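Residues per chain, in single letters:
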Amino acid sequence: FTPSAGSVTITINPANPNLFRDFDTEFLATLGHELHHSLRFDGPGYGSTLRAALVSEGLACRFETELRTGAGPFYATALSKDQLDEMYKLAQPELDSQTYNHFDWFFGSYARKIPRFAGYSLGFSLVEAHMKKTGLSASGLWNSGAEQFFQNE
């Protein structure tokens, strides 16, 4: 969890029997994800709209991918192409809302038919498209405003 620039909290449960199964990879990737958020807080910030949250999480997940040597986190690759298209359409009316439901978009809502991790996966996909268009990496885009990722929609 990253509440502000320069502050990252990572909770580790030493009683978890799987703690060391992928610790080297997962700890570095998790730390990188949160440090990317921390760095963004010194730039455009996390953001208060769904649009900004999608970009902030998408960038952090893409930075994780740089640290994992190409393998995206499971929660950022949870949706199929058809689901991504459907969620993008559903998100349109809420993109600039400051009262969007963050929990629904990032952890799912049965009532709203939003699958678990939709926000992470949608952000990951949006950032990937922008990276391909610009040739920049997530680490190189840390200071980019969210609107840049939605140009030429």
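Procedures and definitions
- Residues numbered from 1 in each chain as written.
- Predicted model: local features only at pLDDT ≥ 70, side-chain atom pairs only at ≥ 80, totals over all residues.
- Heavy atoms only, no water.
- Axes fitted to C-alpha atoms, helices over the stretch in contact; angles between N-to-C directions.
- Helix = DSSP H or I, 4+ residues; strand = E, 2+ residues; numbered from the N terminus.
- Parallel < 35°, antiparallel > 145°, perpendicular 65-115°, else oblique.
- Contact = heavy atoms within 4.5 Å.
- Nonpolar A, V, L, I, M, F, W, Y, C, P; charged D, E, K, R; others polar.
- Left-handed = near helix turned anticlockwise from the far one by under 90°.
- Salt bridge = Lys/Arg side-chain N within 4 Å of Asp/Glu carboxyl O.
- Buried < 20%, exposed > 50% of the residue type's maximum accessible area, 1.4 Å probe, protein only.
- Core = buried A, V, L, I, M, F, W, Y, C linked by side-chain atoms within 4.5 Å.
- Expected span 1.5 Å × (residues − 1).
- pLDDT = per-residue confidence, 0-100.
- Arc of directions from axis to C-beta.
- Polar contact = N/O pair within 3.5 Å; in protein donor to acceptor, adjacent residues only side chain to side chain.
- Phe/Tyr/Trp six-rings, centres within 6.5 Å; stacked < 30°, edge-to-face > 60°.
- Lys NZ or Arg CZ within 6 Å of the ring centre and 35° of its normal.

**A short note on the packing of helix α3 (residues 81-91) against helix α5 (residues 118-134)**
Alright, step 1. Interhelical geometry of α3 versus α5 gives an angle of 100 degrees and a closest axis separation of 10 Å. Regarding the angle of α3 to α5, the classification is roughly perpendicular. Counted together, Leu84, Met87, Tyr88 and Ala91 of α3 and Ala118, Ser121, Leu122, Ser125 and Leu126 of α5 form the full contact between these two elements.
Alright, step 2. Counted by class, the contact of α3 with α5 contains 7 nonpolar, 2 polar and no charged residues.

**Here's the deal with the packing of helix α1 (residues 23-41) against helix α2 (residues 50-67)**
Alright, step 1. Running from N to C, α1 and α2 cross one another at 140 degrees; their axes reach a closest spacing of 8 Å. Judged by the angle between their axes, α1 and α2 are oblique. Every pair of crossing elements has a handedness; the one defined by α1 and α2 is right-handed. In this structure, α1 contributes Leu28, Ala29, Gly32, His33, His36, His37 and Arg40 to the contact, and α2 contributes Val55, Ser56, Glu57, Leu59, Ala60, Cys61, Phe63, Glu64 and Leu67.
Alright, step 2. The residue makeup of the contact of α1 with α2, split by class, is 8 nonpolar, 5 polar and 3 charged.

**A word on the pattern of salt bridges**
Alright, step 1. Tallied over the full model, the rule gives 9 salt bridges.
Alright, step 2. Residue Arg68 pairs with Glu26 through a salt bridge whose shortest N-O separation is 2.9 Å. Of this pair, Arg68 sits in the loop between α2 and α3 while Glu26 sits in helix α1, and the two are 42 residues apart along the sequence.
Alright, step 3. Residue Arg68 is classed as buried on the basis of its relative accessible area, which comes to 14%.

**Examining the nonpolar core**
Alright, step 1. Membership of the largest hydrophobic core comes to 33 residues, with the highest contact counts inside it found for Leu50 and Trp105.
Alright, step 2. Breaking this core down by element, the ones donating at least two residues are α2, α3, α4 (102-107) and α5.

**What about α5?**
Alright, step 1. With 17 residues, α5 extends 24 Å from end C-alpha to end C-alpha; this agrees with the ideal 24 Å at 1.5 Å per step.
Alright, step 2. Listed in full, the buried residues belonging to α5 are Ala118, Gly119, Tyr120, Ser121, Leu122, Gly123, Phe124, Leu126, Val127, His130 and Met131.
Alright, step 3. Once α5 finishes, Gly135 follows within two positions and takes phi at roughly 75 degrees, a positive value.

**Let's talk about the confidence of the model for the chain**
Alright, step 1. Summarising the model, the chain shows a mean pLDDT of 94, and 98% of its residues fall at 70 or more.
Alright, step 2. Predicted confidence in the chain is weakest over α1, with a mean pLDDT of 93, and strongest over α4, with 98.

**Describing α3**
Alright, step 1. Those residues of α3 not exposed but buried are Leu84, Met87 and Ala91. Down the axis of α3, the buried side of the element spans an arc of 70 degrees, and every buried residue falls inside it. Facing away from the buried surface of α3 by more than 90 degrees, the exposed residues are Asp82 and Lys89.
Alright, step 2. Considering only its buried residues, α3 is in contact with α2, α4 and α5.

**Some details on the side chain of Thr2**
Alright, step 1. As for its position among the elements, Thr2 is in the segment before α1.
Alright, step 2. Within the structure, the side chain of Thr2 is placed 2.6 Å from the side chain of Glu34, a separation counted as a polar contact.

**So, the packing of aromatic side chains**
Alright, step 1. Counted under the stated rule, the structure contains 10 aromatic pairs.
Alright, step 2. With centroids separated by 5.7 Å and ring planes inclined at 85 degrees, the aromatic side chains of Phe74 and Phe117 adopt a geometry described as edge-to-face. Of this pair, Phe74 sits in the loop between α2 and α3 while Phe117 sits in the loop between α4 and α5, and the two are 43 residues apart along the sequence.
Alright, step 3. Ring geometry for Tyr75 and Tyr120: centres 5.0 Å apart, planes at 75 degrees, overall edge-to-face. Of the two residues, Tyr75 is situated in the loop between α2 and α3 and Tyr120 in helix α5; the sequence distance between them amounts to 45 residues.
Alright, step 4. Judged by relative accessible area, which is 11%, Tyr120 ranks as buried.
Alright, step 5. Between the NZ or CZ atom of Arg51 and the centre of the ring of Phe150, over which it lies, the distance is 4.5 Å.
Alright, step 6. The lysine or arginine in question, Arg62, covers the ring of Phe124, its NZ or CZ lying 3.4 Å from the ring centre.

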